[in-house]
Amino acid sequence: MTDYAIDIQALSKSYGPITVVNGLNLKVAKGEIFGFLGPNGSGKSTTMRMLCGLLPPSAGDAWVLGYNIRTQGKQIRPRIGYMSQRFSLYEDLSVAENLDFFASVYGVTGPAAQKRKQEVLELTHLSGREKQLAAFLSGGWKQRLGLACSLLHNPDLIFLDEPTAGIDPVARRELWDLLFALASAGKTLFVSTHYMDEAERCSQIGYIYLSNLIVAGKPGDLKNSHGTPESGWRRVEISGEPIMKAYNLLQGRSDLRDVTFFGQSLHALLENSLPEVELLHWLETQGLNNLQFRQIRPSLEDVFLDLTRLADRERHA
Ligand code: ADP
Ligand code: MG
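What counts as what
Residues numbered from 1 in each chain as written. Chains lettered and ligands numbered in written order. Predicted model: local features only at pLDDT ≥ 70, side-chain atom pairs only at ≥ 80, totals over all residues. Heavy atoms only, no water. Helix = DSSP H or I, 4+ residues; strand = E, 2+ residues; numbered from the N terminus. Expected span 1.5 Å × (residues − 1). Buried < 20%, exposed > 50% of the residue type's maximum accessible area, 1.4 Å probe, protein only. Contact = heavy atoms within 4.5 Å. Near = heavy atom within 4 Å. Polar contact = N/O pair within 3.5 Å; in protein donor to acceptor, adjacent residues only side chain to side chain. Nonpolar A, V, L, I, M, F, W, Y, C, P; charged D, E, K, R; others polar. Domains from an automatic or database assignment. Disulfide = S-S within 2.5 Å. Donors = N, O, S within 2.8 Å, 3.2 Å for Na, K, Ca; no water. Core = buried A, V, L, I, M, F, W, Y, C linked by side-chain atoms within 4.5 Å. Phe/Tyr/Trp six-rings, centres within 6.5 Å; stacked < 30°, edge-to-face > 60°. Pairing = 2+ DSSP bridges. Axes fitted to C-alpha atoms, helices over the stretch in contact; angles between N-to-C directions.

Draft legend 1. Spotlight on helix H5 (residues 139–150). The first and last C-alpha atoms of H5 sit 17 Å apart over 12 residues, in line with the 16 Å expected at 1.5 Å per residue. Along H5, 10 of the 12 residues are buried, which leaves the element largely enclosed by surrounding structure. Those residues of H5 not exposed but buried are Gly140, Trp141, Gln143, Arg144, Leu145, Gly146, Leu147, Ala148, Cys149 and Ser150. Where H5 is buried, its residues meet strand E6 (80–83), helix H3 (95–105), helix H4 (110–123), strand E7 (157–161) and helix H6 (169–184).

Draft legend 2. Representation of the side chain of Ser150 in the model. Locating Ser150 in the fold gives a position in helix H5. Residue Ser150 is classed as buried on the basis of its relative accessible area, which comes to 2%.

Draft legend 3. Focus on the site of ligand 1. Surveying the vicinity of ligand 1 reveals the residues Tyr15, Val20, Pro39, Asn40, Gly41, Ser42, Gly43, Lys44, Ser45 and Thr46. Lys44 places a main-chain nitrogen or oxygen 2.9 Å from an oxygen atom of ligand 1. Note that an oxygen atom of ligand 1 is positioned 2.5 Å from one of the side-chain N or O atoms of Thr46. It is helix H1 (residues 44–51) that contributes the most residues to the shell around ligand 1, three residues altogether. Of the residues belonging to the shell around ligand 1, the class tally is three nonpolar, six polar and one charged.

Draft legend 4. Spatial organisation of the domain arrangement of the protein. For the protein, the domain assignment lists domain 1 (4–218) and domain 2 (229–297). Centre-to-centre, using C-alpha coordinates, domain 1 lies 40 Å away from domain 2.

Draft legend 5. Structural context of the state of the cysteines. Under the criterion given, the structure shown has zero disulfides. Among the cysteines around Cys149, which has no disulfide bond, Cys52 carries the closest sulfur, lying 16 Å off. The closest cysteine sulfur to the non-disulfide-bonded Cys202 is located on Cys52, 17 Å from its own sulfur.

Draft legend 6. Quick peek at the coordination of the magnesium ion (ligand 2). Donor atoms from the polypeptide that bind the magnesium ion (ligand 2) are Ser45 (OG) and Gln85 (OE1), placed at 2.1 to 2.2 Å. Of the two residues, Ser45 is situated in helix H1 and Gln85 in the loop between E6 and H3; the sequence distance between them amounts to 40 residues. Classification of Ser45 as buried rests on a relative accessible area of 18%. What makes Gln85 partly exposed here is its relative accessible area of 30%.

Draft legend 7. Seen up close, the nonpolar core. Ranked by size, the top nonpolar core spans 45 residues in total, and within it Leu99, Leu145, Leu147, Leu189 and Phe304 carry the most contacts. The greatest single-element share of this core, amounting to six residues, is contributed by H6. Apart from the residues lying within four places of it in its own chain, the contact partners of Leu147 are Met83, Leu160, Leu175, Leu178, Leu179 and Leu182. Core analysis: the next-biggest nonpolar cluster, separate from the first, contains 26 residues, Val21, Phe34, Phe36 and Tyr67 among them.

Draft legend 8. Just the packing of aromatic side chains, in detail. As enumerated under the stated definition, the model contains 11 aromatic pairs in all. Taking the centre distance of 5.2 Å and the plane angle of 55° together, the rings of Phe36 and Phe190 count as tilted. Of this pair, Phe36 sits in strand E3 (residues 33–37) while Phe190 sits in strand E8 (residues 188–193), and the two are 154 residues apart along the sequence. For Phe36, a relative accessible area of 0% gives the class buried. Residue classification places Phe190 among the buried positions, given a relative accessible area of 0%. Pairing Phe159 with Phe190 gives two aromatic rings, centres 5.4 Å apart and planes at 50°, and the pair type is tilted. One end of the pair, Phe159, is in strand E7; the other, Phe190, is in strand E8, with 31 residues separating them in the sequence.

Draft legend 9. Fine view of the environment of Tyr209. Within the secondary structure, Tyr209 is located in strand E9 (residues 204–209). Looking at Tyr209, the relative accessible area reads 14%, which means it is buried. On a C-alpha basis, the gap between Tyr209 and Gly166 in space is 21 Å, while along the polypeptide they are 43 residues apart. Within polar-contact distance, the side chain of Tyr209 engages the side chain of Asp312 at 3.0 Å.

Draft legend 10. Up close: the sheet that holds strand E12 (residues 256–262). Here four strands make up an open sheet; going across it, the order is E12-E13-E11-E14 and the pairing antiparallel. Two strands close off the open sheet at either side, each with one partner strand: E12 and strand E14 (291–295). With direction set aside, neighbouring strand axes in the sheet form an average angle of 25°. The strands that helix H10 (residues 300–316) touches are strand E11 (233–240), E12 and strand E13 (265–271); relative to E12, the one it contacts most, it runs at about 135°.

Following this line, the structure appears as structure tokens:
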């Protein structure tokens, strides 16, 4: 038995000639909130389905709670919760009826089922809405009910595949608060998302891009080890008006790189030999005299964007 909740070794999945998960290596310790980040189509759902013992790998192996995903799917499934990306509630059933249904699916019956139902209702703040039809719940409340359903058999490890996709920012934050509550109760969470800001909330993260795990670690460590731009460049934030015109102008220069929008400002890498005053002066000659530059530390999004660009450059080299 390993001490890891999840131990993945060179795990791959191919469909015909196309590899959608490529030699993934990863360990997730018990009690972590592991954030599995990556853009759409990068292989997150495929990886999660393999880890749940629902999809056979093409190569490599993995152990979940000490059980092998190829041969011990039957032991894994009762011990994990899995909220799939397009999980479906029964829309014409009430909150309570959905919970009853999923409890019976998980083999939780009798007085234990009633007790557990009350616990998950309280945990997900659904108490009081038992009689409401699932169809009439908002997106955020539907996700909570989905989460509640996946917790009925009290699993130690929960896989959540993009639980915050398509819900509003307040509901997203509330759902994350619930995930923290679960983690502090000792659960291990494996959460996929394509929202980069959610990465900052996780204790560990992995970033998958075009089927390859590009980096994994603690958010702070990643910022320290990968956040420093290549030598000869410094990272700056550019703010002011009109930012769109600045963006277009700056993109045309070779002594600036990776110009990207961050809200109302821009982040870019600036060549060390280029003094900011010189650049400001040039912008003034182009009619832009209301911009500010500031040297900054990278966000995790900067780190992921850097690594993505690096991976693209290597692919095309
Ligand atoms: P993500 O969850 O990160 O958006 P997926 O794991 O769903 O990514 O998909 C990764 C890639 O694998 C996508 O390009 C997708 O089209 C492809 N894919 C997924 N399932 C199948 C399948 N059954 N047959 C062929 N290709 C598939
Ligand atoms: Mg997916």
